[in-house]
Amino acid sequence: MIIIPCYNEALRLPSKRILSFLMNNPNVTICFVDDGSTDSTGEVLEAMISACPAQIDSIRLSHNSGKAEAVRQGMLNSLSCTDVEWLGYWDADLATPLEEISHLLQYAAPSKKLLMCSRVKRLGATIDRHVWRHILGRVMATLISFVLKLPVYDTQCGAKLIRQEEISHLFSEMFLAKWLFDVEIIVRMQMKYPAEIVQQCLFEVPVYEWKDISGSKLKLKHMFLSLLEIFRICRKYPIRQSHVHGRV
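What you are looking at is a predicted structure, and each value in this text was computed from that prediction instead of being measured. (Residues numbered from 1 in each chain as written. Predicted model: local features only at pLDDT ≥ 70, side-chain atom pairs only at ≥ 80, totals over all residues. Heavy atoms only, no water.)

(A) Highlighting the overall build of the protein. Helix and strand content of the protein: nine helices and nine strands. Radius of gyration (C-alpha) of the protein: 17 Å, near the 18 Å computed for a compact globule of 248 residues. If you line up the protein on its principal axes, its C-alpha atoms span 50 × 40 × 40 Å. Sorting the 248 residues of the protein into buried and exposed places 53% on the buried side. (Helix = DSSP H or I, 4+ residues; strand = E, 2+ residues; numbered from the N terminus. Rg over C-alpha atoms; globule rule 2.2 N^0.38 Å. Buried < 20%, exposed > 50% of the residue type's maximum accessible area, 1.4 Å probe, protein only.)

See the structure below:
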């Protein structure tokens, strides 16, 4: 099951792409979390549910709570799906195509608990990212890797899969972070497992395709807000030093 948070996404939700993907992937279900939208997002979601009721569901939050809380509520709402081995969350604009789900699952070894898409620009991949966002993103990613004491390349790609057994631990408590809740998820994994186990159970998978979509709500000011969030995360969580070197 994939959780997709939505806030005023009526004009950006690629409904046809989503329905086409589900038609070709009957083993995947999607739960949209309408984060208090004030536009016609609700009507767009209802139309998709009518077209594919067996694979699409939605919940609506009474007010806008932010992406972190929307994802958290979606995950908690999906805990009853005991027959689902992996749950994930994806950005509503499908900057990361849903087809990357099967790519991630190729690495779903028994030891893996969190699979993360990673935007590595390389030969054989199509990574279409604005230059300034790439530069700022690499600066933030380097800082985050230093803070986490992990050789993680890209925590902020909005496409991840998590084993069902980890959901209660990772999402029961509200996140401190609004923009860097992905980092907080990794920190919570570090709080639960010894450093050498964390190195084994977290895995980054370079995507084949990623594209900046116009209309993103991410602005330059969010980088400065993210720095504050890193400080708050460091204050709350005693991050342990990893003694294992090299990329997972």
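(B) Representation of the state of the cysteines within the structure. In total, this model carries zero disulfides according to the counting rule given. Residue Cys201 stays outside any disulfide, its sulfur separated by 17 Å from that of Cys117, the closest cysteine. (Disulfide = S-S within 2.5 Å.)

(C) Representation of the pairing of strand E2 (residues 30-34). Counting buried residues in E2 gives five out of five residues, a clear majority hidden from the surface. Here E2 shows no split at all, with Ile30, Phe32 and Asp34 on one side and Cys31 and Val33 on the other all buried. In this sheet, E2 lies alongside strand E1 (residues 2-6) in parallel orientation, the contact comprising five bridges. Along E2, the bridge assignment pairs Ile2 with Ile30. With five bridges connecting them, E2 and strand E3 (residues 56-60) associate as parallel partners. Bridge pairing in E3 links Phe32 to Ser58. For the crossover from E2 across helix H2 (residues 41-51) to E3, the handedness is right-handed. (Pairing = 2+ DSSP bridges. Right-handed = clockwise from strand over helix to strand, strands pointing away.)

(D) A look at the nonpolar core. Met75, Tyr89, Leu148, Ile162, Phe171, Ile185 and Leu202 are the most contacted members of the largest nonpolar core, which has 42 residues in total. Top element by residues in this core is helix H7 (residues 181-192). It accounts for six residues. Those residues in contact with Ile162 that sit more than four places away from it in its chain are Met75, Glu85, Trp86, Leu87, Tyr89, Lys113, Leu114, Ile167, Leu170 and Phe171. Counting 36 residues, the second largest nonpolar core, distinct from the first, contains Leu22, Ile56, Leu104 and Cys117. (Core = buried A, V, L, I, M, F, W, Y, C linked by side-chain atoms within 4.5 Å. Contact = heavy atoms within 4.5 Å.)

(E) Examining the packing of aromatic side chains more closely. Applying the stated criterion to the full structure yields four aromatic pairs. Arranged with centres 5.5 Å apart and planes meeting at 40°, the rings of Tyr89 and Phe181 form a pair that is tilted. Taken together, the residues span a long stretch of sequence, with Tyr89 in strand E4 (residues 86-90) and Phe181 in helix H7 at a distance of 92 residues. Phe181 shares its class with Tyr89; the two are buried. An angle of 90° between the planes, with centres 5.8 Å apart, marks the rings of Phe171 and Phe175 as edge-to-face. (Phe/Tyr/Trp six-rings, centres within 6.5 Å; stacked < 30°, edge-to-face > 60°.)

(F) Local environment of the sheet that holds E1. What the seven strands build is an open sheet, ordered E3-E2-E1-E4-E7-E5-E8; its pairing is mixed. At either end of the open sheet lies a strand with only one pairing partner, and these are E3 and strand E8 (202-206). The sheet shows a mean angle of 20° between the axes of neighbouring strands, taken without regard to direction. (Axes fitted to C-alpha atoms, helices over the stretch in contact; angles between N-to-C directions.)

(G) Fine view of the pattern of salt bridges. Inspection of the entire model under this criterion finds 14 salt bridges. Two residues, Arg12 and Glu9, come together in a salt bridge whose shortest N-O distance is 3.0 Å. Close ionic contact of Lys67 with Asp91 constitutes a salt bridge, the shortest N to O distance being 2.6 Å. Of this pair, Lys67 sits in helix H3 (residues 67-77) while Asp91 sits in the loop between E4 and helix H4 (100-105), and the two are 24 residues apart along the sequence. Assessed through its relative accessible area of 31%, Lys67 is described here as partly exposed. Through salt bridges with shared partners, one network takes in Lys113, Glu165, Glu166 and Lys192. (Salt bridge = Lys/Arg side-chain N within 4 Å of Asp/Glu carboxyl O.)

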